[in-house]
Amino acid sequence: MSSFSTGIHRYRFRIRNLAGYAVKVLMAVLIVVQSSCKKEEFIWGQNVGAITYSGNVVFLGASELAILEQVTDNRLVFSRTTGEIDKITGTSILVIGISEKTPYGLLRKVTSLQKSGEVLTVNTEDALLQDAVKDGTITLNETLLEKNFVLRSKTPGVLINESSKFFEGLAITLDKLEVSSGGSAAAELNGSMGLGAEVEISIIIRSNRIERINLAATLNRIDELTIISGNSFSGSGEVTAAEFLHRPVIIDSLVFVPEVSMIAGFEGLVSGSVNSGVRQDRVSSLSTRYEAGFWSDQPVTNTVLYDYLRPSVPDNSDLMVFSGPRVTIRLFGIPLLETEASSVFSLEKDQGSSAIWRLYIGNNGEAKIRSEIFGFAGDHTLNMAAQLSEIGTEDSK
């Protein structure tokens, strides 16, 4: 074989070796890239139901909370480290479940760690919802039923009603509930208050950003109140008749807790004895949407059926009586939605021989979507007021 042929043979052999080496290198690169992609997915996404949590989220459940010794606004103290606690770093987001010390759950961002023997102190600050949730749709559809509430407190003069097949919401009876007193003068409320509510909240998060929020709520209220006083009185008075706490609603490790307070009171003056009662069955509905940094509201609707007793009222009187619920939906203890809606009746009578009484009804209140858990610039408020309208005069009943 000539030296020229031998050189060509060696050249081809080297080319084949180089090609084989290149294939091996390419396969190795592909394996590394594939492994990196899997590792990236593991680090940056943890799926729970319909939600993908950020990879730095640490979930603390019953076993971890059993060794939680102290909870403050900016600190968690654990008696030792075990289980998921070992995963906590200075950049973790903590999604904490329900316990005696964390009745609403907690959503916290870790700022630093301190270890002293077995005791671990985790310094924290409040986290935003989108710090924890990377992607997904959070959906809360809840009808607030009496059976899911527990009584937190009530004022003397308040009786708690059980639900029935006709009304499954919260209901209380007022039996000489005092709203004004001064010496021998006193004003009392008798009657009943009821609330049935439906709440729908949808929050869409993409790449740790709030993409859209849809919120709708309907409040079905019954307010049947009579105010009685044997003496003149004036000023204003408000009483929290009863407070209720809903069982936690847990959706894909997110902890929602509704709260309801029943409020009643008066404002104005009466120059002598008064006896006046009004019943209002009122339905209020609201709806709003957040997208691309802006809120878009639907008109709030108010419908009402009413009846009243012919009032006994002295001249020179101008009195307003109000009653209704305050409803708060909390997410990890942070207010997400707050609504306050009060049925109002107003009784007026001028002074003089030709004075006649006039009776009005209306609705006061607002719904507020709180900004804190989203990090928005400010709260968003919807006005739920309905203008006073006359329902009776001296000659009408």
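Note that the structure is a prediction, hence the values are computed from the model and not measured. (Residues numbered from 1 in each chain as written. Predicted model: local features only at pLDDT ≥ 70, side-chain atom pairs only at ≥ 80, totals over all residues. Heavy atoms only, no water.)

### Looking at the overall build of the protein chain
Phase 1: A count of helical and extended segments in the protein chain gives three helices and 24 strands.
Phase 2: In the protein chain, buried positions account for 41% of the 397 residues.
Phase 3: At a minimum sequence separation of 6, the contacts of the protein chain that also span at least 24 residues come to 68%.
Phase 4: Carbon together with sulfur atoms contributes 50% to the accessible area of the protein chain, which is approximately 20200 Å² in total. (Helix = DSSP H or I, 4+ residues; strand = E, 2+ residues; numbered from the N terminus. Buried < 20%, exposed > 50% of the residue type's maximum accessible area, 1.4 Å probe, protein only. Contact = heavy atoms within 4.5 Å. Areas by Shrake-Rupley, 256 points an atom, 1.4 Å probe, with all protein chains shown as cover.)

### Concerning the pairing of strand β17 (residues 254-270)
Phase 1: In terms of burial, β17 is a largely internal element, 14 of the 17 residues being buried.
Phase 2: Pairing of strand β15 (residues 233-246) with β17 involves twelve bridges; the strand directions are antiparallel. By the bridge assignment for β17, Phe244 is matched with Val260.
Phase 3: Taken together, the three bridges between strand β16 (residues 249-251) and β17 define a ladder with antiparallel strand orientation. Within β17, the residue paired with Ile250 across the bridge is Val255. (Pairing = 2+ DSSP bridges.)

### Details of the environment of Ser371
Phase 1: Assignment of secondary structure puts Ser371 in the loop between β22 (357-369) and β23 (380-383).
Phase 2: Overall, the relative accessible area of 12% leaves Ser371 in the buried class.
Phase 3: C-alpha separation for the pair Ser371 and Leu336, spaced 35 residues apart in sequence, amounts to 7.6 Å.
Phase 4: Not counting chain neighbours up to four residues away, the residues in contact with Ser371 comprise Phe376, Gly378 and Asp379.

### A short note on the packing of aromatic side chains
Phase 1: Tallied over the entire structure, the rule returns seven aromatic pairs.
Phase 2: Note on Tyr53 and Phe59: the rings are 4.9 Å apart at their centroids and 85° apart in plane angle, and the pair reads as edge-to-face.
Phase 3: Among the residues examined, Tyr53 registers a relative accessible area of 0% and is labelled buried.
Phase 4: Between Phe149 and Phe244, the ring centres sit 6.4 Å apart and the planes meet at 80°, which makes this aromatic pair edge-to-face. In this pair, Phe149 is assigned in strand β10 (residues 149-154) and Phe244 in strand β15, connecting sequence segments 95 residues apart. Here the two residues Phe149 and Phe244 agree in accessibility, since each one is buried.
Phase 5: For Arg330, the ring lying beneath its charged end belongs to Tyr104, and the centroid distance is 5.8 Å. (Phe/Tyr/Trp six-rings, centres within 6.5 Å; stacked < 30°, edge-to-face > 60°. Lys NZ or Arg CZ within 6 Å of the ring centre and 35° of its normal.)

### Focus on the environment of Thr218
Phase 1: Position of Thr218 among the secondary structure elements: in strand β14 (residues 209-229).
Phase 2: Separated by 82 residues in sequence, Thr218 and Val300 have C-alpha atoms that sit 9.9 Å apart.
Phase 3: If near-sequence neighbours (up to four positions away) are discounted, Thr218 is found in contact with Gly196, Ala197, Glu198, Val283, Ser284 and Ser285.
Phase 4: For Thr218, the side chain forms a polar contact with the side chain of Ser285, separated by 3.3 Å. (Polar contact = N/O pair within 3.5 Å; in protein donor to acceptor, adjacent residues only side chain to side chain.)

### Observations concerning the pattern of salt bridges
Side-chain pairs of opposite charge can arise whenever the charged atoms involved come near each other.
Phase 1: Applying the stated criterion across every chain, the model contains 18 salt bridges.
Phase 2: For Asp131, the salt bridge identified is with Lys109, shortest N-O distance 3.6 Å. Taken together, the residues span a long stretch of sequence, with Asp131 in helix α3 (residues 129-132) and Lys109 in strand β7 (residues 106-116) at a distance of 22 residues.
Phase 3: Here Lys368 ties to Glu366 by a salt bridge, and the two come within 3.8 Å at their closest N and O atoms.
Phase 4: Counted as one network, the salt bridges with shared partners bring together Arg152, Glu259 and Arg330. (Salt bridge = Lys/Arg side-chain N within 4 Å of Asp/Glu carboxyl O.)

### Quick word on empty space enclosed by the protein
Phase 1: A full pass over the atoms with the stated rule returns two cavities of 30 Å³ or more.
Phase 2: As for the largest cavity, its lining consists of Asp223, Glu224, Leu225, Val278, Gln280, Val321, Ser323, Ser343, Val344 and Phe345.
Phase 3: Looking at the lining of the largest cavity, its residues break down into five nonpolar, three polar and two charged.
Phase 4: By volume, the second largest cavity is sized at about 40 Å³.
Phase 5: Taken together, Leu144, Ala197, Val199, Ala217, Leu219, Val327, Ile329, Leu337 and Thr339 form the lining of the second largest cavity. (1 Å grid on protein atoms, 1.4 Å probe; cavity = no way out; pocket = protein on both sides within 12 Å on 5 of 7 lines; lining within 4 Å. Points joined across faces, edges and corners; volume = space filled by probe spheres on them. Nonpolar A, V, L, I, M, F, W, Y, C, P; charged D, E, K, R; others polar.)

### A word on the sheet that holds strand β6 (residues 93-96)
Each strand in a sheet pairs with its neighbour through backbone hydrogen bonds, running either in the same direction (parallel) or in the opposite one (antiparallel).
Phase 1: Reading across the sheet, the six strands line up as β3-β6-β7-β8-β5-β4 and stay open at both edges, with mixed pairing between neighbours. The sheet is open, and its two borders are formed by β3 (57-60) and β4 (68-72), each paired with just one other strand. Sheet twist, expressed as the mean angle between neighbouring strand axes with direction ignored, is 30°.
Phase 2: The pairing of strand β5 (residues 75-78) with strand β8 (residues 119-126) spans four bridges and is classified as antiparallel. Bridge assignment links Val77 to a residue of β8, and that residue is Thr121. (Axes fitted to C-alpha atoms, helices over the stretch in contact; angles between N-to-C directions.)

### Concerning the side chain of Thr102
Phase 1: Among the secondary structure elements, Thr102 is positioned in the loop between β6 and β7.
Phase 2: Here Ser99 takes part through its side chain, which lies 2.8 Å from a polar atom of the side chain of Thr102.
Phase 3: Beyond its immediate chain neighbours, meaning those up to four positions away, Thr102 contacts Leu65, Leu68, Val71, Ile96 and Gly97.

### A look at unusual backbone geometry
Keep in mind that most residues, glycine aside, have a negative phi and that most peptide bonds are trans.
Phase 1: In the Ramachandran plot, Ser207 falls in the positive-phi region, its phi being about 50° despite a non-glycine side chain.
Phase 2: Within the secondary structure, Ser207 is located in the loop between β13 (185-206) and β14.
Phase 3: Its identity is not glycine, yet Ser253 carries a phi of approximately 75°, on the positive side.
Phase 4: By the secondary structure assignment, Ser253 is in the loop between β16 and β17.

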